[in-house]
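Remarks on the overall topology
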Amino acid sequence: MPEVSLQLFFSYSHKDEALRDELANHLSTLTRQGVISSWHDRKILPGDEWDRQINDNLNTADIILLLVSSDFIGSNYCWDVEVTTAIERHNTGKARVIPVILRRVDWSDTPFAKLQFLPKNAEPVTSWTNRDEAFTNVAQGIRAAAQQLKAERQQQLALARKETAIAEYRQQVEEFAADGEISFVKSEILKDLQKRLGLTDEEARTVRDKALEPYGKYKENLDKYKQIFTKLVDEQGYPLGEKAKADLKKLQQYLKLKDEDVVLIDNEAEVRKQQAEILHQQQREQAEAKKLRQQQANRLQQQQEQAEAEKLRQQQAQRLKLQREQEEAERLGQEQQSTGNDLLSEKGVDYTRLHDLLKAGKWQEADQETLAAMLKATGREKKGWLNINSIENFPCTDLRTIDQLWVKYNNGRFGFSVQKRIWESVGKDYKKFGDRVGWLELRTVVVDKWFGLRQQTEKQSEWLNYSDLLFNTSASKGHLPSVIRRWSVISLLSRRDL
């Protein structure tokens, strides 16, 4: 939203109109920059009420220029209406009044004598050797005053917004805290409201603490009453005697507690007494039915023993399962830590060179060696590429050996198993998969529109050529190996033995 310019009002004598116009020219830069927009009585249109127009603009102006001269001071309208209103609005902070001395005159005992004058040193414009320098000095002073006024108003606006936000937050807190506490759900609502209103944690906490403070003090007094009441009941029994009740009534009045809250405490004592009587009756009944309870206890013990036996059996089965899983994990870990002396292959493929290239961090040569090894393992060396059938029937041992070598020598960043986890994490969406592993790139392409009559550029995702791939550890996770890309890789990533 563009910043609103400040309204500037010229208060002057018509005999100084030429000087006013000259000053307005020097303020043209401020006007074009949107810092100010000026008004004077020569802008009143034919048929308008000139007195109402002057008053309306004078009472809405942000900056009021008093163009001081002997004719200005001698003008009854300027003095009685414009100067009086201007000084009043200046004193209340609604406007900034700037006296500009045009011609030499005694202004020492005027209502605006206490204000800062322009040009500098209150030297009249007409007394300057170079009048342009005088008006430039005035324009610079007005610019500085406008910038300061804008800063002050922005600060006032920010303060007013903060006060409004705190008031809105306080209203909601007081509504939520009507019962003396704020629930979890209401706290979440207040967190969202705090964020929306732009309040800091300290500001929000101060409002909440102050809203809950009376309830906290009341609860503290209520707890004190309850402690004294409980001590009397423990010493004298329930119900209490008349003297104790009278003392408690005085304590209630002193702590300013509500009758309904005190009644609740008394009711709790009544309930405890009834519970004690019920417990005593139950104890008598339990004594009379001791034999039956013993029989029930024996049956319960037997059921518990059976349950414990079943629990032990399940725990043993779980331990055996965990042991088998641990042994399998250790086996897989040993396979992942295999060196060139343990490069297994069902087809007699020698993976030593792939091992050495990966260990040396030669990722591109290792990528090409991976393809060569897979072609040899599937007997497609002459074909030079892998089809879906060869991928689906690729030897499990060889696939695991290749994957373990890749995973081991780049700290789990590359490898078929890494790509498979990414493939499953994106819901087996091939385009999302390509984007995650860095095989897709957003490029600007030229597109024909309207049957070739119009062309325009747009961003499209395109698959990288092999030469565009990154063969270093700064590449995306799962970027390598890349010997199988496009739709053929889906068959590889769908294998259960990977």
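The sections below set out a description of the structure shown in this document. If you're wondering where the values come from, they're calculated on a predicted model, not measured in any experiment.

Focus: the packing of aromatic side chains
Counting across every chain of the model gives 14 aromatic pairs. Taking the centre distance of 6.3 Å and the plane angle of 65° together, the rings of Trp79 and Phe112 count as edge-to-face. With Trp79 in helix α5 (residues 76–91) and Phe112 in the loop between β4 (96–101) and α6 (131–176), this residue pair connects regions lying 33 residues apart in the sequence. Residue Phe112 is classed as buried on the basis of its relative accessible area of 0%.

Section: the layout of surface pockets
Reported here for the largest pocket is a volume of approximately 370 Å³. Surrounding the largest pocket, 15 residues form its lining, Asp179, Tyr215, Tyr218, Lys219 and Leu222 being those nearest its centre. The leading source of residues in the lining of the largest pocket is helix α8 (residues 201–236), at seven residues. A per-class count over the lining of the largest pocket returns five nonpolar, two polar and eight charged.

Topic: the nonpolar core
With 43 residues, the main nonpolar core has Tyr351, Trp406 and Phe433 as its most contacted residues. At the level of secondary structure, the elements contributing two or more residues to this core comprise α12 (352–359), α13 (363–378), α15 (396–408), α16 (416–425), α17 (430–437) and α18 (488–493). Top element by residues in this core is α13. It accounts for six residues. Within the second largest apolar cluster, 27 residues are counted, among which are Leu6, Leu19, Ile63 and Val138.

A closer look at the pairing of β4
Successive residues of a regular strand alternate their side chains across the two faces of the sheet. Most of β4 sits out of view: six of its six residues are buried. What you see with β4 is no split at all: Arg96, Ile98 and Val100 on one side and Val97, Pro99 and Ile101 on the other are buried throughout. For strand β3 (residues 63–68) and β4, the ladder comprises six bridges, and the chain directions are parallel. When the sheet's bridge partners are listed, Leu66 is paired in β4 with Pro99.

Section: the sheet that holds strand β2 (residues 36–39)
Across the sheet, which stays open at both edges, the four strands sit in the order β2-β1-β3-β4 with parallel pairing between neighbours. Looking along the sheet, the strands with just one partner apiece sit at the ends: β2 and β4. Ignoring strand direction, the axes of neighbouring strands in this sheet form an average angle of 25°. Against the sheet, helix α3 (residues 50–60) engages β1 (6–11), β2 and β3, with an angle of about 130° to β1.

Some remarks on the packing of α12 against α13
Geometrically, a packed helix pair is captured by the angle between its two axes and the distance between the axes. For the pair α12 and α13, the least separation of the axes is 8 Å and the interaxial angle reads 160°. Classified by the angle between their axes, α12 and α13 sit roughly antiparallel to one another. By crossing handedness, the relation of α12 to α13 is classed as left-handed. Residue-level inspection shows Arg353, Leu354, Leu357 and Leu358 of α12 in contact with α13, the latter providing Trp363, Glu365, Ala366, Glu369 and Thr370. Per-class residue counts for the contact of α12 with α13 are five nonpolar, one polar and three charged.

Quick look at the packing of α16 against α17
Running from amino to carboxyl end, α16 crosses α17 at an angle of 130°, the nearest separation of the two axes being 9 Å. Taken together, the axes of α16 and α17 are oblique relative to one another. With respect to the hand of their crossing, α16 and α17 are arranged in right-handed fashion. Between α16, through Gln419, Ile422, Trp423 and Ser425, and α17, the contact on the second element is made entirely by Tyr430, Phe433, Arg436 and Val437. A per-class count over the contact of α16 with α17 returns five nonpolar, two polar and one charged.

Basis of the calculations
- Residue numbers restart at each chain and count upward from 1, following the sequence in its written direction.
- Reporting in this predicted model follows two pLDDT cut-offs: at least 70 for local features of residues, and 80 or more for side-chain atom pairs to be given and counted; totals over whole chains, interfaces and linings ignore these cut-offs and use all residues.
- By convention in this description, side-chain values take in all heavy atoms of the structure and omit both hydrogens and water.
- In this analysis, rings of Phe, Tyr and Trp, with Trp reduced to its six-membered ring, are considered paired at centre separations within 6.5 Å, and the interplanar angle assigns stacked below 30 degrees, edge-to-face beyond 60, and tilted for intermediate values.
- By the criteria applied, helices consist of DSSP H or I runs no shorter than four residues and strands consist of E runs no shorter than two, each listed in order from the N terminus.
- Three labels apply to residues, based on accessible area from a 1.4 Å probe with only protein chains included: buried if under 20% of the type maximum, exposed if over 50%, partly exposed otherwise in between.
- A cavity here means a set of 1 Å grid points, computed over protein atoms only, where a 1.4 Å probe fits but cannot escape. A pocket is an open set with protein on both sides within 12 Å along at least 5 of 7 lines, and lining residues have an atom within 4 Å of a point.
- Grid points are joined across faces, edges and corners, and a volume is the space filled by probe spheres set on the points.
- Classification used: nonpolar for Ala, Val, Leu, Ile, Met, Phe, Trp, Tyr, Cys and Pro, charged for Asp, Glu, Lys and Arg, polar for all others including Gly.
- Nine residue types can take part in a nonpolar core, namely buried Ala, Val, Leu, Ile, Met, Phe, Trp, Tyr and Cys, and a core is a set of them joined through side-chain atoms within 4.5 Å.
- Two strands qualify as a pair provided that DSSP identifies no fewer than 2 bridges between them.
- As a rule, the C-alpha atoms of each element are fitted with a line to give its axis, helices using only the stretch in contact, and angles between N-to-C directions run from 0 to 180 degrees.
- The contact criterion used is simple: two residues touch if any of their non-hydrogen atoms lie within 4.5 Å.
- Our angle categories are set so that under 35 degrees counts as roughly parallel, over 145 as roughly antiparallel, 65 to 115 as roughly perpendicular, and the remainder as oblique.
- We call a crossing left-handed when the near helix sits turned anticlockwise from the far one by less than a right angle, and right-handed when that turn is clockwise.

Nothing here speaks to function; it is geometry throughout.
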